[in-house]
Amino acid sequence: MTREGRPVFKTLARAARLRCPACGRASVFQSPFRVRPFCPACGTVFQREAGFFVGAIMLNVVTTEAAVLAAAGLCLLLLPGRAATLLSLLFAVALLFPVAFYHHSWSLWLAGDHLVEGLPRRRLDD
Ligand SMILES: [Zn+2]
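Residues numbered from 1 in each chain as written. Predicted model: local features only at pLDDT ≥ 70, side-chain atom pairs only at ≥ 80, totals over all residues. Heavy atoms only, no water.

**Q** Please provide a residue-by-residue account of the coordination of the zinc ion, values included.
**A** Coordination of the zinc ion by the protein involves C20 (SG), C23 (SG), C39 (SG) and C42 (SG), with metal-donor separations of 2.2 to 2.4 Å. With 4 donor atoms in place around the zinc ion and angles of 107 to 112° between them, the coordination shape is tetrahedral. Considered as a linear motif, the donors of the zinc ion on their single chain read C-x2-C-x15-C-x2-C. Classification of C20 as buried rests on a relative accessible area of 0%. By relative accessible area, which is 16% here, C23 ends up buried. (Donors = N, O, S within 2.8 Å, 3.2 Å for Na, K, Ca; no water. Tetrahedral: all angles 85-135°; square planar, octahedral: opposite > 155°, others 65-115°. Buried < 20%, exposed > 50% of the residue type's maximum accessible area, 1.4 Å probe, protein only.)

**Q** Go over the nonpolar core with me, naming the residues and quoting the values.
**A** C20, C39, F46 and L110 are the most contacted members of the largest nonpolar core, which has 17 residues in total. Dropping the residues within four chain positions of it, C20 is found in contact with R14, A26, V28, C39, C42, T44 and F46. If you look at the next biggest cluster of nonpolar residues, it comprises 5 residues, including A71, A72, L86 and L90. (Core = buried A, V, L, I, M, F, W, Y, C linked by side-chain atoms within 4.5 Å. Contact = heavy atoms within 4.5 Å.)

**Q** Give me the environment of V8: which residues, what numbers.
**A** Checked against the element boundaries, V8 lands in helix 1 (residues 8-16). As a C-alpha pair, V8 and I57 span 49 residues in sequence and 22 Å in three-dimensional space. (Helix = DSSP H or I, 4+ residues; strand = E, 2+ residues; numbered from the N terminus.)

**Q** Got a sec to walk through the side chain of H114? Specific residues and values, please.
**A** Looking at where H114 falls in the secondary structure, it is placed in helix 3 (residues 83-116). Relative accessible area serves as the criterion here: at 8%, H114 is assigned to the buried category. Polar side-chain contacts of H114 include one of 3.4 Å to the backbone nitrogen of L119. Excluding anything up to four places from it in sequence, H114 contacts R6, T11, P21, A22 and L119. (Polar contact = N/O pair within 3.5 Å; in protein donor to acceptor, adjacent residues only side chain to side chain.)

**Q** I'd like a rundown of helix 2 (residues 54-78), residues and numbers included.
**A** When the terminal C-alpha atoms of helix 2 are compared, their 36 Å separation across 25 residues agrees well with the 36 Å that a helix rising 1.5 Å per residue should span. Elements that come into contact with the buried residues of helix 2 comprise helix 3. (Expected span 1.5 Å × (residues − 1).)

**Q** Before we move on, can you summarise the packing of helix 2 against helix 3 with the specific residues and values?
**A** Between helix 2 and helix 3, the shortest axis-to-axis distance is 8 Å and the interhelical angle comes to 145°. Between helix 2 and helix 3 lies a crossing of right-handed hand. Considering only residue class, the contact of helix 2 with helix 3 consists of 21 nonpolar, 5 polar and no charged. (Axes fitted to C-alpha atoms, helices over the stretch in contact; angles between N-to-C directions. Left-handed = near helix turned anticlockwise from the far one by under 90°. Nonpolar A, V, L, I, M, F, W, Y, C, P; charged D, E, K, R; others polar.)

**Q** I'd like a rundown of unusual backbone geometry, residues and numbers included.
**A** Leave glycine aside and you will find that most residues have negative phi; peptide bonds, for their part, are mostly trans. Despite not being glycine, L18 shows a phi value in the positive range, around 60°. Turning to its location among the elements, L18 is positioned in the loop between helix 1 and strand 1 (29-31). The class for L18 is buried, based on a relative accessible area of 19%.

Dropping the structure here:
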């Protein structure tokens, strides 16, 4: 639990399910690649100031690099001496992983921000 009483495990579990990190009642996404501006259930703001989601992009890039390194290690162990196959597999991982991880990078970035400083709520007159 954080100092303000936000449970870490519950918040990360909500992020893993792509739900609002504050209440868990609504999805963070309104369509496959569009983040909601705010949670329709509790009013937590998902789209904050310009540049806020550079962190989500960074999280996706770093996780993709880790996935490529893990795939390279596995390929070197399982397919020694097959450089063409290795490069083809790594290229496929580098192309497909960031698309597959896109939603979770945004959701985890929101959850991390919620745990650190708390996401703002939408004002009633907005
Ligand atoms: Zn909510």
